[in-house]
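The primary structure of each chain is shown beneath.
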Amino acid sequence: MRKKPGFLLTTLLVLAACTNDADIIVLPDPSDPLPATAPLVTVIYDPDALGDKAYNDLIYQGVEKAAGRYGLRTMQLSPQNYQEGLAYIETMCTAVDLSREDTVRRLYIVAGTSYDAFLRQHSHVFDDVPSADLLYLETRKPLESKGSTFFMPYYGAMYEAGALMPLFCIKVAIIASNPEDETVAEAIRGFIDGYNTDYYAPDTMQWGPNEKKTLRTIYLAEHAGQGYNIADTTALKLIHEPYFSYDLCVVPICGGSGRLISYLMELLTDSEIMGVDVRLDASISNISVLKHIDRAVEQCIGQWLSPQGMPKHQTFGLSQGYTEVVIHPHTAFYKTVYKNQHNDALDRQLHEDAIRKEETYGEK
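Per chain, residues are indexed from 1 in the order of the written sequence. Since the coordinates come from a predicted model, pLDDT governs what is reported: local features require at least 70, and pairs of side-chain atoms require 80 or more to be given and counted, while whole-chain, interface and lining totals use all residues. Working from all heavy atoms in the structure, the side-chain values ignore hydrogens and water.

## Section: the pairing of strand S3 (residues 106–111)
Line of reasoning, step 1. Whether a residue is buried, partly exposed or exposed follows from its accessible area with a 1.4 Å probe, protein chains only, as a fraction of its type maximum: under 20%, in between, or over 50%, in that order. Runs of H or I in DSSP of at least four residues are treated as helices and runs of E of at least two as strands, each being numbered from the N terminus. With respect to burial, S3 is a largely interior element, five of its six residues being buried.
Line of reasoning, step 2. Here the rule is simple: two strands pair whenever DSSP picks up at least two bridges between them. As judged from the six bridges shared by strand S1 (residues 40–45) and S3, these two strands associate in the parallel manner. Paired with Leu40 across the two strands is Arg106, which belongs to S3.
Line of reasoning, step 3. Pairing between S3 and strand S4 (residues 132–137): six bridges, direction parallel. Within S4, the residue paired with Arg106 across the bridge is Ala132.
Line of reasoning, step 4. A crossover connection joins S3 to the parallel S4 through helix H4 (residues 116–122); in handedness this β-α-β unit is right-handed. Whether a crossover is right-handed comes down to one check: with the strands pointing away from the viewer, does the path from the first strand over the helix to the second run clockwise; if it does, it is right-handed.

## What to know about helix H6 (residues 182–195)
Line of reasoning, step 1. For a helix, the expected span equals 1.5 Å multiplied by the number of residues minus one. The end-to-end C-alpha distance of H6 is 20 Å, a good match for the 20 Å that 14 residues give at a rise of 1.5 Å each.
Line of reasoning, step 2. Turning to H6, its buried residues are Val184, Glu186, Ala187, Ile188, Gly190, Phe191, Ile192, Gly194 and Tyr195.
Line of reasoning, step 3. By definition, residues are in contact when any of their heavy atoms lie within 4.5 Å. Buried residues along H6 sit in contact with strand S5 (148–151), helix H5 (155–164), strand S6 (171–176), strand S7 (214–219), strand S8 (249–253) and helix H11 (344–363).

## With respect to unusual backbone geometry
Line of reasoning, step 1. Look at the link from Leu137 to Glu138: it is a cis peptide, with omega at -10 degrees.
Line of reasoning, step 2. Assignment of secondary structure puts Glu138 in the loop between S4 and S5.
Line of reasoning, step 3. Unusually for a residue other than glycine, Lys53 sits at a positive phi of about 55 degrees.
Line of reasoning, step 4. With respect to the helices, strands and loops of the structure, Lys53 is situated in the loop between S1 and helix H2 (55–70).
Line of reasoning, step 5. A positive phi is found at Asp277, a non-glycine position, where the angle reads about 80 degrees.
Line of reasoning, step 6. Summarising the element assignment, Asp277 is placed in strand S10 (residues 275–277).
Line of reasoning, step 7. Using a relative accessible area of 11% as the deciding quantity, one classes Asp277 as buried.

## Describing the side chain of Asn178
Line of reasoning, step 1. Checked against the element boundaries, Asn178 lands in the loop between S6 and H6.
Line of reasoning, step 2. Think of a polar contact as two N or O atoms within 3.5 Å of one another; within protein, one of them needs to be a possible hydrogen donor and the other a possible acceptor, and neighboring residues in sequence only count if both atoms come from side chains. Polar contacts involving the side chain of Asn178 include one to the main-chain carbonyl oxygen of His223, which spans 3.3 Å.
Line of reasoning, step 3. If near-sequence neighbours (up to four positions away) are discounted, Asn178 is found in contact with Val184, Tyr219, Ala221, Glu222, His223, Ala224, Gly225, Gln226 and Tyr228.

## What to know about the nonpolar core
Line of reasoning, step 1. Counting residues in hydrophobic clusters, the biggest one holds 37 residues, and the most contacted among them are Met158, Met165, Phe191, Met274 and Ile287.
Line of reasoning, step 2. Counting residues per element, the ones that place at least two in this core are H5, S6, H6, S8, strand S11 (287–291), strand S13 (323–327) and H11.
Line of reasoning, step 3. For this core, the element with the most residues is H5, which contributes seven residues.
Line of reasoning, step 4. Residues in contact with Ile287, not counting those within four places in the same chain, are Ala161, Leu164, Met165, Phe168, Glu272, Ile273, Met274, Gly275, Val325, Val326, Ile327 and His328.
Line of reasoning, step 5. Throughout this description, the term nonpolar core refers to a set of buried Ala, Val, Leu, Ile, Met, Phe, Trp, Tyr and Cys residues connected via side-chain atoms within 4.5 Å. Formed by 29 residues, the second largest nonpolar core is a distinct cluster that contains Ala49, Ala66, Phe150 and Ile293.

## Observations regarding the sheet that holds strand S12 (residues 313–315)
Line of reasoning, step 1. In space, the six strands of this open sheet follow the order S2-S1-S3-S4-S5-S12, with parallel pairing throughout. Every interior strand has two partners, whereas the edge strands, strand S2 (73–77) and S12, have only one. Mean inter-strand twist for the sheet, computed between neighbouring axes without regard to direction, equals 15 degrees.
Line of reasoning, step 2. Pairing of S4 with S5, which is carried by three bridges, proceeds in the parallel orientation. Bridged to Leu137 within S5 is Phe150.
Line of reasoning, step 3. Contacting S1, S2, S3 and S4, helix H3 (residues 82–97) crosses the sheet at an angle of about 155 degrees to S3. All axes are obtained by fitting lines to C-alpha atoms, using only the stretch in contact for helices, and the reported angles, taken between N-to-C directions, cover 0 to 180 degrees.

Have a look at this one:
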């Protein structure tokens with residue numbers, strides 16, 4: 001069989017190169033797998049975040065759904081503590097700085113505000129690296145250097161849920177992770193502002209004329225990034241407080257801690273729990289507030305792969321359908337009380353008011 005000229009030329013060049021002393025050329029084995037060239041998405045979470053069956057697990061699902069849709073590789077990193085997470089961020093910055101000539105596209109997603117100060121100080125390493133991009137969530141403050149951000153305001157959906165709460169319960173306990181995280185503070189403010197309205201006042205509902213609304217806020221930790229995972233003993237001590245004893249609805253704005261508290265309350269109390277981020281089982285909950293961050297993350301990854309790229313900053317809130325309030329239609333309470341006492345026109349007005357309130361809150 002006659003050899004093609006190109007093959008002969010390549011063979012001669014290899015042989016010529018091997019004639020010098022100590023020059024060794026190793027040709028790749030054709031059977032070896034080629035280096036992966038598919039775009040890579042790496043996610044770095046807040047400490048011990050994955051497994052909360054809520055917010056962070058939704059991010060994970062959104063990334064994996066996008067990977068299946070677009071043929072991407074993924075690496076999802078859930079550090080056990082802040083020091084390990086910071087080491088991941090430092091390694092990310094070093095890797096980006098060393099990959100200036102790399103042609104494989106990489107997107108780094110930082111899913112949490114624990115590393116905010118360090119990230120803002122070092123995100124400039126992305127500036128001159130065309131193949132690497134950064135997505136930081138959730139924050140209202142865009143990055144000064146290269147990188148995209150988005151924020152999912154919870155004010156509107158929580159305002160709507162707070163205003164609807166007297167339909168189900170007038171004694172409420174908000175259990176929050178900490179007072180410093182922006183998303184937590186906004187969710188609390190929205191719920192309290194809605195709860196203090198009179199769309200559905202106690203004296204017009206099934207409650208007696210002397211019944212009054214009461215609300216208490218409990219923080220599990222003091223600082224940003226804390227309070228999302230608590231010990232079983234801490235949760236047990238909390239739900240055995242006298243305030244938790246009768247006719248109570250718990251609003252858990254605390255990630256994985258909320259799932260633990262919900263589980264223990266279902267076993268040990270008759271109190272109700274509002275679903276936050278995900279829909280809870282109808283046996284313990286009449287109402288849930290959903291944050292579809294999985295959809296938002298998938299949307300951003302699609303933008304990243306597009307010729308236009310991701311916008312510098314985006315907002316995904318109530319008006320766009322990324323957050324919403326869901327009334328559970330299969331509960332006994334829904335069938336016997338809610339259907340008779342709520343008002344469709346009033347609900348529509350409340351929803352429109354909540355959207356306007358959210359936009360106004362974001363402008364402050």
